[in-house]
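# Close look at the chain arrangement
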Amino acid sequence: MAAVYSVRRADYARAADARAIVALLDAYASDPAGGGEPLSDFARQRLVPELASRPHAFSVLAFDGEAAVGLVNCIEGFSTFKCLPLVNVHDVVVLASHRGRGIAEAMLGEVERIARERGACKLTLEVLSGNAPAMRLYQRVGFAGYQLDPAMGTASFLQKWLD
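Residues numbered from 1 in each chain as written. Predicted model: local features only at pLDDT ≥ 70, side-chain atom pairs only at ≥ 80, totals over all residues. Heavy atoms only, no water.

### A few points about helix α4 (residues 132-140)
Buried residues of α4: Ala-134, Leu-137 and Tyr-138, and no others. With its buried residues spanning 95° around the axis, α4 presents them on a single face. With respect to the buried face of α4, the exposed residues turned more than 90 degrees away are Arg-136, Gln-139 and Arg-140. Contact partners of the buried residues in α4: β4 (84-94), α3 (103-117) and β5 (123-125). Trailing α4 by a residue or two, Gly-142 shows a phi angle of about 110°, which is positive. (Buried < 20%, exposed > 50% of the residue type's maximum accessible area, 1.4 Å probe, protein only. Helix = DSSP H or I, 4+ residues; strand = E, 2+ residues; numbered from the N terminus. Arc of directions from axis to C-beta. Contact = heavy atoms within 4.5 Å.)

Quick look at the structure:
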């Protein structure tokens, strides 16, 4: 019998969804693509309550039967040029045992549906240059490098830690 995959928006108030979000994000954080370090106890305890306290955050979960196998965390931002919301895809997680089965694509489809429902003008995300499978997925579903004027090149994602 073939596995049955389902994708839906997570309910932060539902204990099973909260456990799935923490477990899946911990699996991602522990993976080399996520930095290779498990989530801190602080993050494990506070992640879902903090997401729930932010009305501009939402998550999408994927299931193989009853087992959670995928997660996308999103944070709504704002495009000043368009004067409309945008949705940043912050984490895309599919358990290693379930990769290559279209689960991430299905979750991103649900993210796009929710973003359109919110009136967002675009989706954004960041991806490590060495993560070729993820890059292929994102390009396949319509993501492209950010640029305003091709003569100015594409944008780079930078960070500065605030301690």
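The structure having been displayed, the exposition proceeds.
### Overview of the packing of helix α1 (residues 15-30) against helix α2 (residues 41-52)
Packing of α1 against α2 leaves a shortest axis separation of 10 Å and a crossing angle of 120°. Taken together, the axes of α1 and α2 are oblique relative to one another. Between α1 and α2 lies a crossing of right-handed hand. On α2, the residues that touch Ala-18, Ile-21, Val-22, Leu-25 and Asp-26 of α1 are Arg-44, Leu-47, Val-48 and Leu-51. Split by residue class, the contact of α1 with α2 holds seven nonpolar, no polar and two charged. (Axes fitted to C-alpha atoms, helices over the stretch in contact; angles between N-to-C directions. Parallel < 35°, antiparallel > 145°, perpendicular 65-115°, else oblique. Left-handed = near helix turned anticlockwise from the far one by under 90°. Nonpolar A, V, L, I, M, F, W, Y, C, P; charged D, E, K, R; others polar.)

### Considerations on the pattern of salt bridges
On inspection of all chains with the given rule, the structure shows 11 salt bridges. The partner of Arg-54 in a salt bridge is Glu-50, with the nearest N and O atoms 2.7 Å apart. Classification of Glu-50 by relative accessible area gives partly exposed; the value is 29%. For Glu-76, the salt bridge goes to Arg-118, with nearest N and O atoms at 2.7 Å. Residue Glu-76 is found in strand β3 (residues 67-79), and its partner Arg-118 is found in the loop between α3 and β5; the two are separated by 42 residues along the sequence. A single network of salt bridges, built from pairs that share partners, joins Arg-8, Arg-14 and Asp-17. (Salt bridge = Lys/Arg side-chain N within 4 Å of Asp/Glu carboxyl O.)

### With respect to the packing of aromatic side chains
For the coordinates displayed, the defined rule picks out one aromatic pair. Taking the centre distance of 5.9 Å and the plane angle of 70° together, the rings of Tyr-138 and Phe-143 count as edge-to-face. Residue class for Phe-143 comes out buried when judged on its relative accessible area of 17%. (Phe/Tyr/Trp six-rings, centres within 6.5 Å; stacked < 30°, edge-to-face > 60°.)

### Overview of the environment of Asn-88
Its place among the elements puts Asn-88 in strand β4. For Asn-88, a relative accessible area of 19% corresponds to the buried category. Sequence separation of Asn-88 and Cys-74 is 14 residues, and the distance between their C-alpha atoms is 5.5 Å. Excluding its chain neighbours within four sequence positions, the residues that come into contact with Asn-88 are Asn-73, Cys-74, Ile-75, Thr-124 and Leu-125. One polar contact links Asn-88 to Thr-124, side chain to side chain, over a distance of 2.8 Å. (Polar contact = N/O pair within 3.5 Å; in protein donor to acceptor, adjacent residues only side chain to side chain.)

### A closer look at the pairing of strand β2 (residues 57-64)
Burial of β2 is extensive: seven of the eight residues sit out of reach of the surface. Two elements, β2 and β3, share eight bridges in a ladder whose sense is antiparallel. Directly across from Ala-62, in β3, lies its bridge partner Gly-70. Hairpin connection of β2 to β3: two residues between the antiparallel strands, including Gly-65 at a positive phi of 65°. (Pairing = 2+ DSSP bridges.)

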